[in-house]
Amino acid sequence: MKPAPFSYARARSLPEALAMLGADAQSLPLAGGQSLAPMLNLRMTICESLVDIGAIAELLVASETNDHVTIGAAVTHAMIEDGSVPDPAHGMMRRAAQKIAYRAIRCHGTIGGSVAMADPAADWPCILLALDAIALVAGASGERRVPLDRLLVGTYETSLQQGEIIRAFEIPKLPPDARATTCKINRKTGAFADSIVTAVHNGQKSRVVLGAAGPRARILENASMSMAKNINGAALDQAISTDIAGMLPEDDAYLKHLHATNVKRAINEVMTP
Ligand SMILES: Cc1cc2nc3c(=O)[nH]c(=O)nc-3n(C[C@H](O)[C@H](O)[C@H](O)COP(=O)(O)OP(=O)(O)OC[C@H]3O[C@@H](n4cnc5c(N)ncnc54)[C@H](O)[C@@H]3O)c2cc1C
């Protein structure tokens, strides 16, 4: 199929992109086009104009302070994989990027496009939620800071408003003693996850996030607490089962087993020195 007709313009700066998006209520930002192009081709999305934000310098940079790393929204998965931007999670983001899709897609797909797309099985929403990232969202009336938990709403749904652009993600740096992992189960290389878990553990904080189960990635509160207290065995199984009960169909024993196994694997990886 071919897409419905639309106009295309490449923005040279963030203010220019915001002005272009503001001028047309039926316009969308285009990053690498890895999801948007097929959706337009299948007419699952229809828009009158595309504003290409992929070459805006401000969206392509990363910076760091003592406390956090800021990664521009148009930074590609490949740039993270190649170590071209600082990794606030001791290399975990870099390792995770290697497992997203194929290299050709990683060269175009962006961290901002991935989160804005809000596919429940995507890697970055799960990882950035576990890392307590904040999305810096630019709009006509200025910039707002949106924690990932409030940005992700449901399947292909975020709290972004028409005309807004994610400029960057501010990600707290993990302390030196912290351990972090992302465990992804997929049937073949390059496929979206059947189950994805990010676990982060240090002296102050323990967090387990599960993706590809239900409409959006979620923090597993009981599993996180169990990990913090180094609880294992049947008590951990019970905690995980309580967390995932509401996320999956009641009678799907296979999915429950798949996700529970992946959660335990991730917890085991961060707890084993
Ligand atoms: C075959 C295949 C396999 C894949 N496998 C995986 C996988 O294993 N794991 C995974 O996580 N992903 C996977 N992906 C997704 C891919 O890696 C991209 O992350 C995703 O398609 C987003 O692409 P993009 O950055 O090009 O955004 P686009 O396709 O350009 O845009 C996607 C959506 O986000 C909006 N958008 C883009 N940037 C912004 C912004 N800065 N602010 C606001 N809105 C914005 C667009 O308007 C559009 O609605 C796969 C994709 C394909 C085609």
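Whatever comes next refers back to the structure up there.
In this report, the structure presented in the accompanying data block is examined. Keep in mind it's a predicted model, so treat the numbers as computed, not measured. Each chain carries its own residue numbering, running from 1 in the written order of its sequence. With pLDDT at 70 or above as the cut-off, local features in this predicted model cover only qualifying residues; side-chain atom pairs require 80 or more to be listed or tallied, and sums for whole chains, interfaces and linings still use all residues.

Digging into the site of the ligand
Step number 1: Put plainly, near means the residue's C-beta atom, positioned from the backbone, lies within 6 Å of the molecule or strand in question. As a matter of local geometry, the ligand sits amid 31 residues, with Gly32, Ser35, Gly109, Gly112 and Gly113 nearest to it.
Step number 2: Elements with a contribution of two residues or more to the shell around the ligand: β2 (27-30), α6 (111-117), α7 (123-130) and β10 (165-172).
Step number 3: Counting from the N terminus, the helices are the DSSP runs of H or I reaching at least four residues and the strands are the DSSP runs of E reaching at least two. Of all the elements, α6 adds the most residues to the shell around the ligand, at 5 residues.
Step number 4: Under the scheme applied, nonpolar residues are Ala, Val, Leu, Ile, Met, Phe, Trp, Tyr, Cys and Pro; charged residues are Asp, Glu, Lys and Arg; polar residues are all the others, including Gly. Of the residues that constitute the shell around the ligand, the class distribution is 18 nonpolar, 12 polar and 1 charged.
Step number 5: Taken domain by domain, the shell around the ligand gets at least three of its residues from each of domain 1 (7-52) and domain 2 (60-172). As used throughout, domain bounds are those supplied by an automatic or database domain assignment.

A few points about the sheet that holds strand β7 (residues 142-147)
Step number 1: Note on pairing: DSSP must find at least two bridges between two strands before they are called paired. Ordered in space as β4-β5-β10-β6-β7, the 5 strands form an open sheet in which the pairing is antiparallel. The open sheet has two edge strands, β4 (62-64) and β7, and neither has a second partner. The mean inter-strand angle of the sheet, taken between neighbouring strand axes irrespective of direction, is 20 degrees.
Step number 2: Pairing of β4 with strand β5 (residues 68-72), which is carried by 3 bridges, proceeds in the antiparallel orientation. Bridge assignment links Glu64 to a residue of β5, and that residue is Val69.
Step number 3: Packing against the sheet, helix α1 (residues 14-22) makes contact with β6 (134-139) and β10, and its axis sits at approximately 130 degrees to β10. Between N-to-C directions, angles cover 0 to 180 degrees, with each direction set by a line fitted to C-alpha atoms, over the stretch in contact for helices. Contact between two residues is assigned when their C-beta atoms, built from the backbone, lie within 7 Å.

What to know about helix α10 (residues 233-245)
Step number 1: With 13 residues, α10 should cover 18 Å at 1.5 Å per step; its first-to-last C-alpha distance of 18 Å lies within 8% of that length.
Step number 2: Every buried residue of α10 is accounted for by Leu236, Ala239, Ile240, Asp243 and Ile244. In an axial view of α10, the angular spread of the buried residues amounts to 120 degrees, which keeps them on one side of the axis. Of the exposed residues in α10, the ones pointing more than 90 degrees away from its buried face are Ala234, Ala235 and Ala245.
Step number 3: Taken together, the buried residues of α10 touch β13 (206-211), α9 (221-228) and α11 (253-271). Given a helix with a known number of residues, its expected span is that number minus one, times 1.5 Å. Exposure criterion: with C-beta atoms placed from backbone coordinates, a residue whose C-beta has 20 or more other C-beta atoms within 10 Å is buried, one with 12 or fewer is exposed, and one in between is partly exposed. When we speak of the arc, we mean the arc of directions from the helix axis to the C-beta atoms.

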